[in-house]
Amino acid sequence: MRRSTTRILTTHTGSLPRPAKVVEQLLAEKKGAADHDVLNTAVAEAVADVIAKQKAAGIDIVNDGEQGRTDYTVHVIDRLNGFEGESDAPRGTGEPEFPELAQLLSQFASPFQHRPACSGPVSWKDFAAVEADIARAKAAMSKAGVEEYFMTSPSPGQIARYLKNAHYKTVEEYLFALSDVMSREYRAIVEAGFILQLDCPDLAMSYALYPGISIGDYRKIIALNVEALNQSIKDLPADRMRMHVCWGSTLGPHHGDVPLKDIVDIILKAKPQAVSFPGANPRHGHEWKVWQDVKLPDGKAIIPGVIDSTSNFVEHPELVADRIVQYAKVVGRENVIPGADCGFGTFAGRVQVDTKIVWMKLASLSEGARLATRQLW
């Protein structure tokens, strides 16, 4: 994994807007009416396009934008055995308390919301789909001459959060079954030359699943999730992995989010070398100060969000630079790779930020990194 040794490098969280043609084909696939040749062509074109746009925006560490997936987690139901029926929808955005907000947010609903439960042993059904994702992205990266690229994959804890257990005797047994199965995908991504990004929003978002829970009891829950994650990547090098932790990409109030300071030590026990987290939105923008009190372990790096992935405001490059410098002064400039709070295309068909504005925000991120570099070197 490249580090900011001579200048501030930039990246983002993973998902990027999908063109209408891709969303249409993904919907057709969901209904069993897809022309797979048309779908594959549309996705390949979209991947090449988002790579080119990331480069044009000045992003250093890029990915395929998750163009061929319906979202960052539930796409696994098409690749794994053991899922049917319906899970309860995840809680945690706060909308039920605010009916006016719920009505407002209904316009952002994604058509890809089916979340079956785990009803049988988890195993691979279609690993070829994973291999196709990897091959398509790698070919596009090579053609574009990208120096470093990453690929996302959901953590065992995140899958368990979305796709509830209705088969295994305990949640722990379910988590470690997912750990064993997903380890194959994680290894394939790393062996193909990608930086593996493990999406772990479960470590922060799961707090809302347990109303009234004590911080101590919640820490025990996510500690088990980290244990399952580490088990799945035990044979992979830490410097080929990073992880993303967040409180969700919704436009809810987030007033019940668990504070970063209460869980950061458990997050840092995960093996990946770098941790990505929101640092720009109004609920968590102040938490850069957490790193004044928490020593970053040797060898670790942070990927703080310095642009908000839910707002159509385009952050001024000077504000972006200020945020980067804040983190760099606390943890060291070589340990900071700024990014975005969360994905801009978390769910296919859901648009919260105008596509053109997404690229403007990423360009502002890159310009802010250049301004910060001048201050820090």
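Here the structure is a predicted model, which means the values were calculated and not measured.

Digging into the packing of helix α11 (residues 317-331) against helix α12 (residues 355-376)
Then step 1. Where α11 meets α12, the axes come as close as 7 Å, and the angle between the chain directions of the two elements is 50 degrees. Judged on the interaxial angle alone, α12 and α11 are oblique. Where α11 crosses over α12, the two elements pack in a sense that is right-handed. Listed contacts from α12 to Pro317, Glu318, Val320, Ala321, Ile324, Val325 and Ala328 of α11 are Ser364, Leu365, Glu367, Gly368, Ala369, Leu371, Ala372, Gln375 and Leu376.

What to know about the pairing of strand β4 (residues 148-154)
Then step 1. Counting buried positions over the seven residues of β4 gives seven, a clear majority of the element.
Then step 2. The alternating pattern of β4 places Glu148, Phe150, Thr152 and Pro154 and Tyr149, Met151 and Ser153 on opposite faces, both of which are buried.
Then step 3. Summarising the sheet, strand β1 (residues 61-62) and β4 pair through two bridges and their orientation is parallel. From the neighbouring strand, Val62 faces β4, where its bridge partner is Tyr149.
Then step 4. Pairing of β4 with strand β5 (residues 195-199), which is carried by five bridges, proceeds in the parallel orientation. In the sheet register, Phe150 faces β5, and the bridge partner there is Ile195.

Analysis parameters
Residues numbered from 1 in each chain as written. Predicted model: local features only at pLDDT ≥ 70, side-chain atom pairs only at ≥ 80, totals over all residues. Heavy atoms only, no water. Axes fitted to C-alpha atoms, helices over the stretch in contact; angles between N-to-C directions. Helix = DSSP H or I, 4+ residues; strand = E, 2+ residues; numbered from the N terminus. Parallel < 35°, antiparallel > 145°, perpendicular 65-115°, else oblique. Left-handed = near helix turned anticlockwise from the far one by under 90°. Contact = heavy atoms within 4.5 Å. Buried < 20%, exposed > 50% of the residue type's maximum accessible area, 1.4 Å probe, protein only. Pairing = 2+ DSSP bridges.

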